[in-house]
Amino acid sequence: MSERILVIGNKNWSSWSLRPWLAMRVSDIPFREEHVELRQPGTRAACLRHSPSGLVPVLKQDGRAIWDSLAILETLSEQFPDRQLWPDAADARAHARSISAEMHSGFQPLRQHLPMDCLGRYPGRGCDADGVAANIDRVCAIWRECRAQAPVKGPFLFGHFTNADAMFAPVVSRFETYAVPVDTVCRDYMGAILALPAMADWLAGCTPTG
Ligand SMILES: N[C@@H](CCC(=O)N[C@@H](CS)C(=O)NCC(=O)O)C(=O)O
């Protein structure tokens, strides 16, 4: 097997990049990161050098490119079954995949009006835009339901860290940036994500310009 390379965008902004990066760091999966500067005239061309989608993240190994965050997470789970990136129990696994897919394909108002900006602090900004409150309510309902049903001990959605946590980590960052009010269950969950050493490493790699 050749070296595993994860191509990512600017850490401050690239919510899609954070997902596989966090899963790999938390799960001790060795990789080297390469960067593409987002929001530049040459961004698309730079992304296209790595991925036919023209987007990051992309995982490269053995002459193969795997693009799109969820495809990368599925691949990692397949390559490293011992890391339990999906929950072991079939019901919990189905639930984890469903909320991860829901995150991946939905929440457009949240994405648009509360973009990830890890270092920024803009309390309340964007929260009254159309559809945002409903998105926030749905995220909190997902987190509460998972925490109430977690099949194993631990502070994450399914007890131990899984791909579902990786998918929702950028939402935790957004809720911090925009000071979204949440209940204790959700606050505790956010605290668990933010307390991850890997999350601190990601934040340390952020600059205000991305
Ligand atoms: N569905 C894709 C979305 C990837 C995406 O939108 N990536 C953004 C960065 S976060 C990008 O590459 N943007 C390129 C650009 O700004 O030109 C995924 O899940 O990976």
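These numbers were taken from a predicted model, which means no experiment stands behind them. Each chain carries its own residue numbering, running from 1 in the direction its sequence is written. Local features in this predicted model are restricted to residues whose pLDDT is 70 or higher, and side-chain atom pairs enter the listing and the counts only when it is 80 or higher, whereas totals over whole chains, interfaces and linings include all residues. The side-chain figures draw on all heavy atoms in the structure; neither hydrogens nor water molecules are used.

Caption draft 1: Spatial organisation of helix H7 (residues 163–177). Comment: elements are numbered from the N terminus, with helices defined as DSSP H or I runs of at least four residues and strands as E runs of at least two. By this rule the span expected of a helix is its residue count minus one, scaled by 1.5 Å. If you check H7, its first and last C-alpha atoms are 22 Å apart, about what 15 residues at 1.5 Å a residue would give, namely 21 Å. The bend reported for a residue corresponds to the angle between axes fitted to the seven residues ending at that residue and the seven starting there. The largest bend in H7 amounts to roughly 35 degrees and is located at Ala-169, with the proline Pro-170 lying one to four residues further along. Exposure categories follow from relative accessible area, calculated using a 1.4 Å probe and restricted to protein chains: below 20% of the type maximum is buried, above 50% is exposed, and the middle band is partly exposed. The element H7 is extensively covered by neighbouring structure, given that 14 of its 15 residues are classed as buried. One or two positions beyond H7, positive phi appears at Ala-179, with a value near 50 degrees.

Caption draft 2: Fine view of the sheet that holds strand S2 (residues 32–35). A strand pair is defined by DSSP finding two or more bridges across the two strands. The strand order across the open sheet built from four strands is S2-S1-S3-S4, with neighbouring strands paired in mixed fashion. Pairing within the sheet leaves two strands with one partner each, and these edge strands are S2 and strand S4 (64–67). Taking the axes of each pair of neighbouring strands and ignoring which way they run, one obtains an average angle of 25 degrees across the sheet. Note: strand S1 (residues 5–8) against S2, four bridges, orientation parallel. Note that in S2 the partner of Leu-6 across the bridge is Glu-33. The strands touched by helix H1 (residues 15–26) are S1, S2 and strand S3 (58–61); relative to S1, the strand with the most contacts, the crossing angle is about 150 degrees. The strands touched by helix H3 (residues 69–79) are S1, S3 and S4; relative to S4, the strand with the most contacts, the crossing angle is about 120 degrees. Here an angle of 0 to 180 degrees is reported between the N-to-C directions of two axes, which are lines fitted to C-alpha atoms, with helices fitted over the stretch in contact. Contacts are residue-level and defined by heavy atoms, with any inter-residue pair within 4.5 Å sufficient.

Caption draft 3: Seen up close, the packing of helix H6 (residues 132–149) against H7. Put simply, H6 and H7 touch, their axes get as near as 12 Å, and they point 125 degrees apart. The angle between H6 and H7 falls in the class oblique. Remark: the crossing between H6 and H7 carries left-handed chirality. Taken together, the residues of H7 that come into contact with H6 (itself represented by Ile-136, Val-139, Cys-140, Ile-142 and Trp-143) are Phe-168, Val-171, Val-172 and Phe-175. Amino acid classes used here: Ala, Val, Leu, Ile, Met, Phe, Trp, Tyr, Cys and Pro are nonpolar; Asp, Glu, Lys and Arg are charged; the rest, including Gly, are polar. Taken together, the residues of the contact of H6 with H7 sort by class into nine nonpolar, no polar and no charged. For classification purposes, angles smaller than 35 degrees are called roughly parallel, those larger than 145 roughly antiparallel, those between 65 and 115 roughly perpendicular, and all remaining angles oblique. Crossing handedness: left-handed means the near helix sits turned counterclockwise from the far one by under a right angle, and right-handed means the same turn made clockwise.

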